[in-house]
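Single-letter residue listing:
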Amino acid sequence: METGRRRRRGSSFPDAIVVEIIARLPLRSISRFKSVCKQWRSLIESSYFRSLFVSLHRNSSSSWSLMFPIKFQYPITEAIGFHGCERWDLPKSPASYLTPFQPYPNGDHYYVDSSHGLVWIEANVGTDGYVKTKSFVGNPISQDWVEIPPPPDPLTKPSSLVTRVVNGVVSSFKVVRTCTKIIEPRPRERRYAWRMYVYSSETGAWAFRTPRSPFPLRRAGSNRPLNLNGMLYVWEKRQDDLTGTGVLVSHDFYGEDDYDQCRIIPLPVSDNKHVRRCSSSSGGDVIYVEILYQRLKVWKLKNSNNSSDGEWWQLTREEINMASVGFDVNCFPLGVNPFDTDLIYLWSRQHSCVVSGNLRTQEFTLHQETETLIGSEDCWRLNTSDSKKHMEAIYDPASVITLSQFVLPQWMDPVPRPPN
């Protein structure tokens, strides 16, 4: 009897109550509770718990960073980083968890791209003067990494990371590397093809891929792509139209129809040497931002497959005359908030600083120093000094700037593992 009473007094709360309590905590705390005992780990990793957590936090934003593409002299450059949000409650921005790189903390490493919370990192490792480059895809918050085998062609260039998401969970990813040497045997076909090697987590192997364009491309795949929902969008100019505004070339890496075809999406405006523009994403849509003669326009892609009425894009709001709102400096658009299209970020070359803007209120703010701002629900850091190095290196002011959005997912999805 005594043993029975002691057992009753020491009994734990019912699982249902434990789940309801833990599900209201941020993911950073929940990840620690997984190590308390096998029972809690099983509860937290259940599909019921995941659904409950996502439901309870559906109105809370997630931490994210706006990252510059890979440059070996500036390996990890975060233009803007948001953290401290209710969902994750991180004490620092997501990009801060990339350094040091845990698999090789003493080596050089470089940020390539991110998709749905997964990050692609290139690391230079070696001893005695011999350096070898290794690729990893993983989650820097949970420090869960998968090493990617080297591609068949060592001269390929890191390009982008795409993911397949099923019911909010990353089920697979693909690593895309652009070929730098001619592989196509027929000269005419070389002009139309986007040559790449693609590694799939579903097969654990590389495959050569040549999606084709309806017209010749000048530098197919050499510009920085935008990844969204398993697709890549890259700005290109026609090989036979050196002065044109260019187009977005898109390719679906998980589509079954027209597997080897690119789609051509015309940009919404005519070309001008004074135009400043960027491609970005927000709320699951492709966003195109343009500044021309101090007039700011933000467009949303209506349909990435076709346009029956001839209109591919629609304005998210009426254009803004920057001078009329007391902001007449010359700016380059950097990107938009991944959750709110009305929040945009610019670079002022005149002041060498980041500019944040709200299209709803038409308020724009110069941030002349690297700073951390604390709001009511989150914190955000603007990296002015490192951003300046990248922006001053832009050789073509009329090109389309595409930065990478590193957005943490709704849940602690495990990194997909290849077979064997």
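Report follows, based on the coordinates. (Residues numbered from 1 in each chain as written. Predicted model: local features only at pLDDT ≥ 70, side-chain atom pairs only at ≥ 80, totals over all residues. Heavy atoms only, no water.)

Concerning the overall build of the protein
In plain terms, the rule: Every helix listed is a DSSP run of H or I at least four residues long, and every strand listed is a run of E at least two residues long, numbered separately from the N terminus. For each residue, the accessible area found with a 1.4 Å probe, counting protein chains only, is set against the maximum for its type, and the residue is called buried under 20%, exposed over 50%, and partly exposed in between. All accessible areas in this document rest on Shrake-Rupley with a 1.4 Å probe, and a residue is counted as covered only by the protein chains that are shown.
What the protein contains, in helices and strands, is seven helices and 27 strands. Looking at the 420 residues of the protein, the share that counts as buried comes to 51%. Entry remark: accessible area of the protein is about 20200 Å², with carbon and sulfur atoms responsible for 48%.

Details of the sheet that holds strand S22 (residues 353-358)
The strands making up a sheet associate through backbone hydrogen bonding, with each pair oriented either parallel or antiparallel. Applicable threshold: If DSSP finds at least two bridges between two strands, the strands pair. A fitted line through C-alpha atoms represents every axis, and for helices the fit uses only the stretch in contact; the resulting angles, taken between N-to-C directions, go from 0 to 180 degrees. It only takes one pair of heavy atoms within 4.5 Å for two residues to be counted as in contact.
Pairing is antiparallel in the open sheet, where four strands are placed in the order S20-S21-S22-S23. Either end of the sheet is taken by a strand with one partner, and the two such strands are strand S20 (331-336) and strand S23 (363-367). Averaged over all adjacent pairs, the angle separating strand axes in this sheet is 25°, with direction ignored. Where helix H7 (residues 384-391) meets the sheet, its contacts fall on S20, strand S21 (343-348), S22 and S23, and the angle it forms with S21 comes to roughly 70°.

Regarding the sheet that holds strand S13 (residues 247-252)
Taking strand neighbours across the sheet as the criterion, the four strands line up as S11-S12-S13-S14 in an open arrangement whose pairing is antiparallel. Where the open sheet ends on each side, the last strands, each with one partner, are strand S11 (226-228) and strand S14 (263-266). This sheet shows a mean twist of 25° between the axes of neighbouring strands, independent of strand direction. Across four bridges, the pairing between S13 and S14 is antiparallel. Of the residues in S14, the one forming a bridge with Ser-250 is Arg-263.

Topic: the nonpolar core
Quick note on the threshold: Residues grouped as a nonpolar core are buried Ala, Val, Leu, Ile, Met, Phe, Trp, Tyr and Cys residues, joined through side-chain atoms within 4.5 Å.
Core analysis: the biggest nonpolar cluster contains 34 residues, and Ile-80, Leu-296, Ile-344, Leu-346 and Phe-364 have the highest contact counts within it. Elements represented by at least two residues in this core include exactly strand S1 (64-67), strand S2 (78-83), strand S16 (285-292), strand S17 (295-301), S20, S21, S22 and strand S25 (379-382). Each residue touching Phe-364, except ones within four places of it in the same chain, is listed here: Leu-296, Met-322, Val-325, Phe-327, Ile-344, Leu-346, Val-355, Ser-356, Gly-357 and Leu-359. Membership of the second largest hydrophobic core comes to 30 residues, among which are Leu-27, Phe-53, Phe-101 and Tyr-111.

Quick look at the pattern of salt bridges
Keep this limit in mind: For this document, the term salt bridge refers to a Lys or Arg side-chain nitrogen within 4 Å of an Asp or Glu carboxyl oxygen.
Enumeration according to the criterion identifies 18 salt bridges in this entry. Of the charged contacts, one joins Arg-417 and Asp-144 as a salt bridge, the two residues approaching to 2.9 Å between their closest N and O atoms. You can see Arg-417 sitting in the segment after strand S27 (404-407) and its partner Asp-144 sitting in strand S6 (residues 144-148), a full 273 residues away along the chain. Owing to a relative accessible area of 48%, Arg-417 belongs among the partly exposed residues under this scheme. Across the pair Lys-389 and Asp-386 runs a salt bridge, and its minimum N-O distance is 3.5 Å. Note that Lys-389 and Asp-386 are positioned in helix H7 at a spacing of three residues, about one turn of the helix. Residue class for Lys-389 comes out partly exposed when judged on its relative accessible area of 37%. One connected set of salt bridges, linked through shared partners, spans Arg-317, Asp-340, Asp-342 and Arg-360.

Structural notes on the layout of surface pockets
In plain terms, the rule: With a 1 Å grid spanning the protein atoms alone, the term cavity applies to any set of points in which a 1.4 Å probe fits but cannot get out, the term pocket to an open set with protein on both sides within 12 Å along at least five of seven lines, and the term lining residue to any residue with an atom within 4 Å of a point. Grid points are joined across faces, edges and corners, and a volume is the space filled by probe spheres set on the points. When residues are grouped by polarity, Ala, Val, Leu, Ile, Met, Phe, Trp, Tyr, Cys and Pro land in nonpolar, Asp, Glu, Lys and Arg in charged, and all others, Gly among them, in polar.
Computed from the structure, the second largest pocket encloses a volume of approximately 690 Å³. If you list the elements that add at least two residues to the lining of the second largest pocket, you get strand S3 (108-115), strand S7 (157-166), S11, strand S15 (276-282) and S27. The class makeup of the residues in the lining of the second largest pocket is 10 nonpolar, 19 polar and four charged.

Description of the side chain of Thr-77
Relative to the helices and strands, Thr-77 resides in the loop between S1 and S2. Relative accessible area serves as the criterion here: at 3%, Thr-77 is assigned to the buried category. Residues within four places of Thr-77 in sequence aside, it is in contact with Leu-66, Met-67, Phe-68, Asp-386, Ser-387 and His-390.

Here we look at the side chain of Asn-139
Relative to the helices and strands, Asn-139 is located in strand S5 (residues 132-139). Among the residues examined, Asn-139 registers a relative accessible area of 3% and is labelled buried. Look past the residues within four positions of Asn-139 in its chain and what remains in contact with it is Gly-117, Asp-144, Trp-145 and Val-415.

What about the packing of aromatic side chains?
Stated formally: What counts as a ring pair is set by centres within 6.5 Å for rings of Phe, Tyr and Trp (its six-membered ring), and what kind of pair is set by the plane angle: stacked under 30 degrees, edge-to-face over 60, tilted for all other angles. A positively charged side chain is recorded as over a ring if its NZ (Lys) or CZ (Arg) lies within 6 Å of the ring centre. The angle to the ring normal must also be within 35 degrees.
Within the structure shown, the criterion is met by 14 aromatic pairs. Seen from their ring centres, Trp-64 and Tyr-345 are 6.0 Å apart, and the 50° between their planes marks the pair as tilted. Of this pair, Trp-64 sits in strand S1 while Tyr-345 sits in strand S21, and the two are 281 residues apart along the sequence. Tyr-345 shares its class with Trp-64; the two are buried. When the centroid spacing of 5.6 Å and the interplanar angle of 55° are considered together, the rings of Tyr-199 and Trp-206 count as tilted. Exposure class is identical for Tyr-199 and Trp-206. Each is buried. Aromatic ring contacts, followed pair by pair, group Trp-64, Phe-82, Tyr-345 and Trp-380 into a single cluster. A cation over an aromatic ring shows up here: Lys-92 above the ring of Tyr-97, its NZ or CZ 4.9 Å from the ring centre. Taking the ring centre of Tyr-254 as reference, the NZ or CZ of Lys-174 above it sits at 4.6 Å.

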